[in-house]
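Summary of structural features
Chain residues, written in single-letter form:
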Amino acid sequence: MNFYWLYLIIPCVLYFIRPIKQNKLLFLYWMLLVILSYDNVTDFYYYYEEFFFYKNGEIGEFTERGREPFWILLNKVWNFTDYGVVIIHVLVMIVVVYCFSVFSKKLNIINASIFLFFLFNYTWKHDNIVRQDIAIILGTISIFEILKDDLWTTRRYLKIFLLTIVGIGFHYSAFMLFPIYFFIRWISNVKLNLTVVAGIVAVFVIVCQNEMIQELLKNLGFIFILIGGDYGTHYAKQFINLEMEANGTIGIFLSFFSLAPLIYYKIFNKKAYQTNKVIRTCVNLSWIFVIWKNNLNLDLFTRPAEYLSWFSLWGFAFMLNDIMMNFHKRFNVIALSLCFAYLVCSGWSLHNFINRYYGDNNYMTILTRECYQLKIYQRDRSSIADGYKRYR
């Protein structure tokens, strides 16, 4: 079965069957999908290659440029078996699903959160960035600690510091969590003005669509390419060009749609926005993350942004959950229609992405002969246009 059915159609059906009450079927489907996944993302090829570098004690591309120490350790722990690369991937994804579910359940928005995890293509993303996945989980725990009022009196900052250091051990971009913590502390207390935010989004989108500005951002990215890119400068430039081309009109629409949670809570549920610190933080971050990701497609910028991604998603999940609980109201029918519009755009965006990076868009599992024989898709790395495409 292909990605469209697995990542969009089926989750959509499962969610709307039981959107409010506990939806075990949606959770089990999600858990099963991530556990069974094998070689369905672009970076799996590199993790596969890297694992056997460590296992065989070879000095290759990965060890020469330096990898995070805890990630190397994790690979070495499992190097007693050739299937270690598969085991590591499965274990990390189980932890991602479990932690995200625990957080979402505490916020009472687990069904909407899992549905949006699919809708926003986070399933594919977290399948792809397994090193950073661990850092994101640790960063999320730390951010929840940051939001507590007794941060300094209970010395929570020591826990936050240790969690961040461990996160850096898995992905160096976790260094960016330190300034992010100060930003979170500030944004959680700000009650945003809708008109001002809409103006900021409009200016940001217009500026970032300017070719000269894009070229400036790309060149800035090359200076710091080691922060998140790990590509050669020429290779990175071509890849960045492809990412920016992939956005287009859809990216502009998604940028403005990111205002939906803020609009909803400022107009229809102002009390919750004013009094609930977690809701306010997530709603405030929903648009910041989306325009950041949609318009600054450089690893330099997008890697740090990932530490805000779950909170941004929860901003939309709070809105969707509130909509479904009050579906009888006319304005919520309108809001739900906008959600379906986002579904269509996300599907189109995923379609474009798959066409760009996959020669074969069929979902492959650990139960296949390919996994048993530890075979992976071939990638044609001679050209960037086909460099990530999978070919049997």
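So, how was this worked out
Residues numbered from 1 in each chain as written. Predicted model: local features only at pLDDT ≥ 70, side-chain atom pairs only at ≥ 80, totals over all residues. Heavy atoms only, no water. Helix = DSSP H or I, 4+ residues; strand = E, 2+ residues; numbered from the N terminus. Buried < 20%, exposed > 50% of the residue type's maximum accessible area, 1.4 Å probe, protein only. Contact = heavy atoms within 4.5 Å. Areas by Shrake-Rupley, 256 points an atom, 1.4 Å probe, with all protein chains shown as cover. Axes fitted to C-alpha atoms, helices over the stretch in contact; angles between N-to-C directions. Parallel < 35°, antiparallel > 145°, perpendicular 65-115°, else oblique. Nonpolar A, V, L, I, M, F, W, Y, C, P; charged D, E, K, R; others polar. Polar contact = N/O pair within 3.5 Å; in protein donor to acceptor, adjacent residues only side chain to side chain.

Comments concerning the overall build of the protein
The helix and strand inventory of the protein stands at 21 helices and two strands. Counting the 392 residues in the protein, one finds 56% classified as buried. In the protein, 76% of the contacts between residues at least 6 apart in sequence involve partners at least 24 apart. When the accessible area of the protein is evaluated, it comes to approximately 17600 Å², of which 66% is carbon and sulfur surface.

Notes on the environment of Q132
Relative to the elements of secondary structure, Q132 occurs in helix α9 (residues 130-146). Given a relative accessible area of 0%, Q132 falls into the buried group. Taking the C-alpha atoms as reference points, Q132 and I168, separated by 36 residues in sequence, lie 9.1 Å from one another.

So, the environment of V86
Secondary-structure assignment places V86 in helix α6 (residues 84-106). Counting along the chain gives 49 residues from V86 to S37, while the straight-line C-alpha distance between them is 9.3 Å. In this structure V86 touches Y38, I366, C371 and L374, once residues within four positions along its chain are discounted.

Focus on the packing of helix α10 (residues 156-170) against helix α11 (residues 177-187)
Orientation of α10 relative to α11, taken along the N-to-C sense of each, is 140°, at an axis distance of 11 Å. Here α11 runs oblique to α10, going by the angle between their axes. Seen from α10, the contacting residues are I160, F161, T164 and I168; seen from α11, they are L177, F178 and Y181. Each residue belonging to the contact of α10 with α11 can be placed in one class, and the counts come to six nonpolar, one polar and no charged.

Some points on the side chain of S286
When you line up the elements, S286 lands in helix α17 (residues 277-295). Of the residues examined, S286 reaches a relative accessible area of 0% and is grouped as buried. There is a polar contact of 2.6 Å between the side chain of S286 and the backbone oxygen of V283. If we skip the residues at most four places from it in the chain, S286 touches S258, P261, S312, G315 and F316.

Purely geometric stuff here, so don't read any function into it on its own.
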